[in-house]
Amino acid sequence: MSPLIPLVAGVAALLAGVLVQRTDGPRHRVGRLLAVTRTATIAEALAMATGPARYVRVSGRIDAEDEFEDDAHRPLVFRRTQLQLRTARGWDVFEDRRERVDFEIRDGLEAIAVDDTALDAGLVVVPRESVGTAADVADRVPAGTAPSTPVRLRIDQVSSVEHAHVLGVPSLDPAGAPRMSAGLGRPLILTTLEPDEAMRVLTEGGRRRPLIAAACLVAGLAFIAVSGLLAVIGAIA
């Protein structure tokens, strides 16, 4: 067998694996950063805020001077309410409302503020969801939307009684106070979940695509190894 055949198959499998990974978009990147970002203490993050930019993870208790309540009277510091339309690409947001107060991550006597204005795909919490149709919110959906189009209400919220992991770049805000924010081309990430649960939320309970991607990458490397082995055998012969 020509070494070229398994080489081409290996490259094709690797490309397929990468393409499957990218179908998760920003969620895949958030999951990868949660898995590999190094941990720093809050004291270390405070010191980094005035030095070279570094992307790190800090952990601690959420703390705020002011809070607001949800319908279950839980004290909140952040709530994002989205209305989403089901399309061929997935769920597309057409309405996004945010409620917030200033908050920080605290560990003992040390605390660092969180730039919640930078939170987007990096907010990883257990969502509250309700699904209906466009007819239920006819006055709010984009013009021309079919009444039977599925519509989802999604609420992501952060409570001041929770422990959180925050990934970002320690820096100074315009007033000169340290904070965690997005930077170095990476998003600000905040999760109140442990890693395994956060990954389940990011994949919305689906494990098929990550498994397919992993299988393609492993197969690609195996084909390339076979190609190399055939090339060596051919050279010896």
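Conventions adopted
Residues numbered from 1 in each chain as written. Predicted model: local features only at pLDDT ≥ 70, side-chain atom pairs only at ≥ 80, totals over all residues. Heavy atoms only, no water. Patch = residues over 30% accessible without salt bridge, like charges linked within 9 Å, V, L, I, M, F, W, Y side chains within 5 Å. Areas by Shrake-Rupley, 256 points an atom, 1.4 Å probe, with all protein chains shown as cover. Salt bridge = Lys/Arg side-chain N within 4 Å of Asp/Glu carboxyl O. Helix = DSSP H or I, 4+ residues; strand = E, 2+ residues; numbered from the N terminus. Buried < 20%, exposed > 50% of the residue type's maximum accessible area, 1.4 Å probe, protein only. Contact = heavy atoms within 4.5 Å. Core = buried A, V, L, I, M, F, W, Y, C linked by side-chain atoms within 4.5 Å. Polar contact = N/O pair within 3.5 Å; in protein donor to acceptor, adjacent residues only side chain to side chain.

J.: Any details on a nonpolar patch on the surface? Residues and values, ideally.
T.: On the surface, Leu4, Leu7, Val8, Val11 and Leu15 cluster together into a nonpolar patch covering about 430 Å² of accessible area. Looking at the element boundaries, leucine 7 is found in helix α1 (residues 4–22). Leucine 7 gets classed as partly exposed once you look at its relative accessible area, which sits at 34%.

J.: Can you tell me about unusual backbone geometry, naming the residues and giving the values?
T.: At histidine 73, a residue that is not glycine, the phi angle is positive and equals roughly 65 degrees. Relative to the elements of secondary structure, histidine 73 occurs in the loop between β2 (68–69) and β3 (75–87). One non-glycine residue, leucine 184, lies in the positive phi region at around 55 degrees. In this structure, leucine 184 sits in the loop between β11 (178–181) and β12 (188–191).

J.: Which residues make up the environment of valine 126, and what values go with them?
T.: Looking at where valine 126 falls in the secondary structure, it is placed in the loop between β7 (119–124) and β8 (128–133). Distance in space between the C-alpha atoms of valine 126 and leucine 202 is 9.7 Å, their sequence separation being 76 residues. Non-local contacts of valine 126, meaning those with residues more than four positions away in its chain, are made with Leu193 and Glu197.

J.: Go over the nonpolar core, please, and point to the residues and values.
T.: Ranked by size, the top nonpolar core spans 26 residues in total, and within it Val77, Phe103, Val158, Val166, Met180 and Leu190 carry the most contacts. Where this core is concerned, the elements lending two or more residues are α3 (42–48), β1 (56–63), β3, β6 (110–114), β7, β10 (163–172) and β12. With residues up to four places along the chain from it excluded, the contact list for valine 166 reads Val56, Arg57, Val58, Ile105, Val114, Met180, Leu188, Ile189 and Leu190.

J.: Now, about the pattern of salt bridges: what can you tell me, with residues and values included?
T.: Summed over all chains, the structure comprises 16 salt bridges. Close ionic contact of arginine 106 with glutamate 104 constitutes a salt bridge, the shortest N to O distance being 2.9 Å. A residue is classified by how much of its surface remains accessible, and glutamate 104, at 23% relative accessible area, is partly exposed. In this structure, the salt-bridge partner of arginine 154 is glutamate 129, at a minimum N-O distance of 3.5 Å. Of this pair, arginine 154 sits in strand β9 (residues 150–159) while glutamate 129 sits in strand β8; the two residues are 25 residues apart in sequence, bridging distant segments of the chain.

J.: So what's going on with the side chain of glutamine 157? Which residues, and what values?
T.: Turning to its location among the elements, glutamine 157 is positioned in strand β9. Of note is the side chain of glutamine 157, whose polar atom sits 3.0 Å from the side chain of aspartate 70. Excluding anything up to four places from it in sequence, glutamine 157 contacts Asp70, Arg74, Leu76, Phe78, Arg79, Val125, Arg128 and Glu162.

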